[in-house]
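Here are the chains, one letter per residue:
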Amino acid sequence: YIVSFHGHRKDDFYGKRIGTPAFHRAVSQWAKAWAKHNRKLGLKPGQVAVSIYDEPHKAEHAQRIVHWAKAIKAGTSEILIWVDPVQTAEWFADARDMLEISDIICPNVPSPADIYASLVAKGKKLWTYQCSGPVRLMDPYYYNRLSSWYCFKYGATGNAFWSYVDTG
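This section reports on the structure supplied with the text. These numbers come from a predicted model, not from an experiment.

Thresholds applied
- Residues numbered from 1 in each chain as written.
- Predicted model: local features only at pLDDT ≥ 70, side-chain atom pairs only at ≥ 80, totals over all residues.
- Heavy atoms only, no water.
- Core = buried A, V, L, I, M, F, W, Y, C linked by side-chain atoms within 4.5 Å.
- Buried < 20%, exposed > 50% of the residue type's maximum accessible area, 1.4 Å probe, protein only.
- Helix = DSSP H or I, 4+ residues; strand = E, 2+ residues; numbered from the N terminus.
- Expected span 1.5 Å × (residues − 1).
- Lys, Arg positive; Asp, Glu negative; His and termini not counted.
- Salt bridge = Lys/Arg side-chain N within 4 Å of Asp/Glu carboxyl O.
- Polar contact = N/O pair within 3.5 Å; in protein donor to acceptor, adjacent residues only side chain to side chain.
- Contact = heavy atoms within 4.5 Å.
- Pairing = 2+ DSSP bridges.
- Axes fitted to C-alpha atoms, helices over the stretch in contact; angles between N-to-C directions.

## Overview of the nonpolar core
Within the largest apolar cluster, 35 residues are counted, with the highest numbers of intra-cluster contacts made by Ile52, Ile72, Met98 and Leu99. Mapped onto this core, the elements with two or more residues apiece are helix H1 (21–40), strand S4 (48–51), helix H2 (59–75), strand S5 (79–83), helix H3 (89–92) and helix H4 (96–101). Sort the elements by how many residues they give to this core and H2 lands first, with 7 residues. Ala49, Trp82, Cys106 and Tyr129 belong to the second largest nonpolar core, which has 8 residues in total.

Below, the structure written as structure tokens:
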């Protein structure tokens, strides 16, 4: 399961300002409680991932993800960090900390997925996804099948797309 909560829309968590020790502690406690709840539901560690910021493409987006991810990981290792960067080779250096803390990296296709090889070698999971749209106007072979071939080409272990519910 991938939960998208868009932590980028707020500068605080229940009144605790992002980047402060109080924020880190509160998010950590929340993540720990969430993981405990997931286990009660019968979910296994690593079966839930969270998308903190949709399609980050600036240094400040990456830093926001890092603040949230560090706090979540301080509370539990059971919830994975999933990120769908809109990358360029130039932005890659700015996003290094975000990519290092993420568990699943899922760039849009086509992308320079080979820039993630060093992260995959460290155990990060590489996925691909397709989000060009609107969906119903795209060639279904391109939209629904091409990303699977990118998975094969780059050794990715997951494939996602946006979306059956987007009427665009």
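## Regarding H2
The end-to-end C-alpha distance of H2 is 25 Å, a good match for the 24 Å that 17 residues give at a rise of 1.5 Å each. Along H2, the residues classified as buried are His61, Ala62, Arg64, Ile65, Val66, Trp68, Ala69, Ala71, Ile72 and Gly75.

## A closer look at the side chain of Lys124
Along the polypeptide, Lys124 turns up in the loop between helix H5 (117–121) and strand S7 (125–130). Buried and unpaired, Lys124 has Asp103 as its nearest opposite-charge partner, separated by 4.9 Å. At a separation of 2.4 Å, a polar atom in the side chain of Lys124 contacts the main-chain carbonyl oxygen of Glu100. For Lys124, the side chain forms a polar contact with the main-chain oxygen of Ser102, separated by 2.9 Å. With near-sequence residues (within four places) excluded, Lys124 lies in contact with Leu99, Glu100, Ile101, Ser102, Asp103, Ile105 and Leu119.

## Overview of the sheet that holds S5
Pairing is parallel in the open sheet, where 6 strands are placed in the order S1-S4-S5-S6-S7-S8. Only two strands of the sheet have a single partner each, and these edge strands are strand S1 (2–4) and strand S8 (158–161). Note that S7 and S8 share 4 bridges and pair parallel. Note that in S8 the partner of Gln130 across the bridge is Phe161. Contacting S1, S4 and S5, H1 crosses the sheet at an angle of about 110 degrees to S5. Set on the sheet, helix H6 (residues 140–154) makes contact with S7 and S8; between it and S7 the angle comes to about 160 degrees.

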